[in-house]
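Breakdown of the fold
Next come the chains, spelled out residue by residue.
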Amino acid sequence: MEITNVNEYEAIAKEKLPKMVYDYYASGAEDQWTLQENRNAFSRILFRPRILLDVSKIDMTTTVLGFKISMPIMVAPTAMQKMAHPEGEYATARAASAAGTIMTLSSWATSSVEEVASTGPGIRFFQLYVYKDRNVVAQLVRRAERAGFKAIALTVDTPRLGRRESDIKNRFTLPPYLTLKNFEGLDLGKMDEANDSGLASYVAGQIDRTLSWKDVQWLQTITKLPILVKGVLTAEDARMAVQAGAAGIIVSNHGARQLDYVPATIIALEEVVKAAQGKIPVFLDGGIRRGTDVFKALALGASGIFIGRPVVFSLAAEGEAGVRKVLQMMREEFELTMALSGCTSLKEITRNHIVTDWDAPQARLVPKL
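Residues numbered from 1 in each chain as written. Predicted model: local features only at pLDDT ≥ 70, side-chain atom pairs only at ≥ 80, totals over all residues. Heavy atoms only, no water.

A word on the overall build of the protein
Regarding its fold elements, the protein presents 14 helices and 12 strands. For 369 residues, the compact-globule estimate of 2.2 N^0.38 gives 21 Å, and the protein sits close to it at 20 Å. Per-residue burial for the protein yields a buried fraction of 57% across its 369 residues. The contacts of the protein with a sequence gap of at least 6 include a subset with a gap of at least 24, amounting to 72%. In the structure as shown, the protein presents an accessible area of about 15600 Å², 52% of it carried by carbon and sulfur atoms. Measuring between centres, the 44 positive side-chain charges of the protein sit 3 Å from its 41 negative side-chain charges. (Helix = DSSP H or I, 4+ residues; strand = E, 2+ residues; numbered from the N terminus. Rg over C-alpha atoms; globule rule 2.2 N^0.38 Å. Buried < 20%, exposed > 50% of the residue type's maximum accessible area, 1.4 Å probe, protein only. Contact = heavy atoms within 4.5 Å. Areas by Shrake-Rupley, 256 points an atom, 1.4 Å probe, with all protein chains shown as cover. Lys, Arg positive; Asp, Glu negative; His and termini not counted. Charge placed at Lys NZ, Arg CZ, Asp CG, Glu CD.)

Details of the UniProt feature "active site" (unreviewed entry) in the protein
The feature "active site" (unreviewed entry), as annotated in UniProt, sits at His254 in this numbering. Residue contacts for His254: discarding those within four places in its chain leaves Tyr129, Thr155, Asp157, Thr158 and Arg164. Looking at His254, its side chain comes within polar contact range of the side chain of Thr158, at 3.3 Å. (UniProt positions renumbered as here; feature names shortened; annotations may be inferred. Polar contact = N/O pair within 3.5 Å; in protein donor to acceptor, adjacent residues only side chain to side chain.)

Regarding the nonpolar core
Across soluble globular proteins, nonpolar side chains have a tendency to be buried as a group. If you look at the biggest cluster of nonpolar residues, it comprises 108 residues, and the most contacted ones within it are Trp108, Leu128, Ile266, Leu269 and Phe334. Among the elements that line this core, the one with the most residues is helix α13 (residues 309-341), at 13 residues. Excluding its chain neighbours within four sequence positions, the residues that come into contact with Leu128 are Ser107, Val137, Leu140, Val141, Ile152, Ala153, Leu154, Thr155 and Leu219. One finds Val64, Ile69, Leu228 and Phe306 within the second-largest nonpolar core, a separate group that totals 13 residues. (Core = buried A, V, L, I, M, F, W, Y, C linked by side-chain atoms within 4.5 Å.)

Here we look at the packing of aromatic side chains
In this structure the tally under the stated criterion is 9 aromatic pairs. Ring geometry for Phe283 against Phe306: centres 6.1 Å apart, planes inclined by 75°, an arrangement best described as edge-to-face. A residue pair is termed long-range when its members are at least 10 positions apart, and Phe283 in strand β10 (residues 282-285) and Phe306 in strand β11 (residues 304-307) qualify at 23 residues. A relative accessible area of 1% means that Phe283 is categorised as buried. In this structure, Arg134 packs its charged tip against the face of Trp218, placed 5.0 Å from the ring centre. Lys296 extends its terminal NZ or CZ atom over the ring of Phe47, reaching a point 5.3 Å from the ring centre. (Phe/Tyr/Trp six-rings, centres within 6.5 Å; stacked < 30°, edge-to-face > 60°. Lys NZ or Arg CZ within 6 Å of the ring centre and 35° of its normal.)

Overview of the pairing of strand β6 (residues 124-128)
The buried fraction of β6 is high, at 5 of 5 residues. Here β6 shows a buried face lined by Arg124, Phe126 and Leu128 and a second buried face lined by Phe125 and Gln127. Where strand β5 (residues 103-105) and β6 come together, 3 bridges link them in parallel fashion. Pairing of Met103 across the sheet is with Arg124, part of β6. Sheet analysis places β6 next to strand β7 (residues 151-155), joined by 4 bridges and oriented parallel. Across the sheet, residue Phe126 finds its bridge partner in β7, namely Ile152. As for the winding sense of the linkage, the β-α-β connection from β6 through helix α6 (residues 134-146) to β7 is right-handed. (Pairing = 2+ DSSP bridges. Right-handed = clockwise from strand over helix to strand, strands pointing away.)

Thoughts on the environment of Ile288
Looking at the secondary structure, you find Ile288 in the loop between β10 and α12 (291-299). Once residues within four sequence positions are removed from consideration, Ile288 is found in contact with Phe42, Asp293, Val294, Ile305, Ile307, Pro310 and Met330.

Focus on unusual backbone geometry
We note that Met80 has phi near 50°; this positive angle belongs to a residue other than glycine. Mapping Met80 onto the fold places it in the loop between β4 (73-75) and α4 (88-98). According to the relative accessible area criterion, Met80 is buried, its value standing at 0%. A positive phi angle, near 50°, is found at Arg171, a position not held by glycine. Take Arg171: it is sitting in the loop between α7 (165-170) and α8 (198-206).

So this is what it looks like as structure tokens:
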């Protein structure tokens, strides 16, 4: 079967992967309402395309924290990719580099920062969980710096792990032939089996629940790398991130895996963008499966987006070739959406190109000039 869109990889991954692994990647928290809503919310945003504009040349390039990339579509951090495919994060790193975009490596990767750096050139960010032992954190950040990573994406929505019922039922744990490579030498690379989710037990034992805004400033004392605050959903926290000196914000609900019944990220995005007031860039992850979704996010003020599950599902299905294909399909769909909306560069994508079901009724008819 010829794959014609990103969504088709999920069914292939479900067939290929052990149930425990597929469920870990696919599931959300509790009732999984936010998991569905992350996708459904995009369908409540419609286009207002402009016509009779010369769209023969389209430029999708952009810069993120000063780094030039080929398109505003980047790779989100997803843990334990060697559960999906033997090459895991190596394959993803090569595919992102080939696509001319950024890969974010998870703290809980099954390949270390050094191993990913060894795959060749590429712009890479490092996603960080803050452990109770701050020496572990400082050591990890220094290793990421030495390995050439360009930014830290600090995940702030996980003082405890969300209740993922599939993982509890499956007694999820990292397969015995794999380790959390970044922590291997620190005796923190293995995950013990537990009476519920092995990952939940690991998080409870290792992750620092006292994490606060002071720690964003503490991180700035141990690294020169720019810090993105990942997990912001409100205007209040967006303002706090600006005050704390963050270099950017990632609007994220952790793939709907933490607190259920939080809004879809695309719904929360505009509030965060307005609160940031253009002082720092705002990015988005969660639910993006189409080039049309990318356009909608940019129209609502995002500077770029990150995709997670499409990467692990395509990795499971076809390895590096699958990830390359996902990035290429997303790119082509986004380019087509730009052309059919009458936009030839990212700066031409505006709020006037869309209408949402939360706009006032008159706004549907008369756009704000």
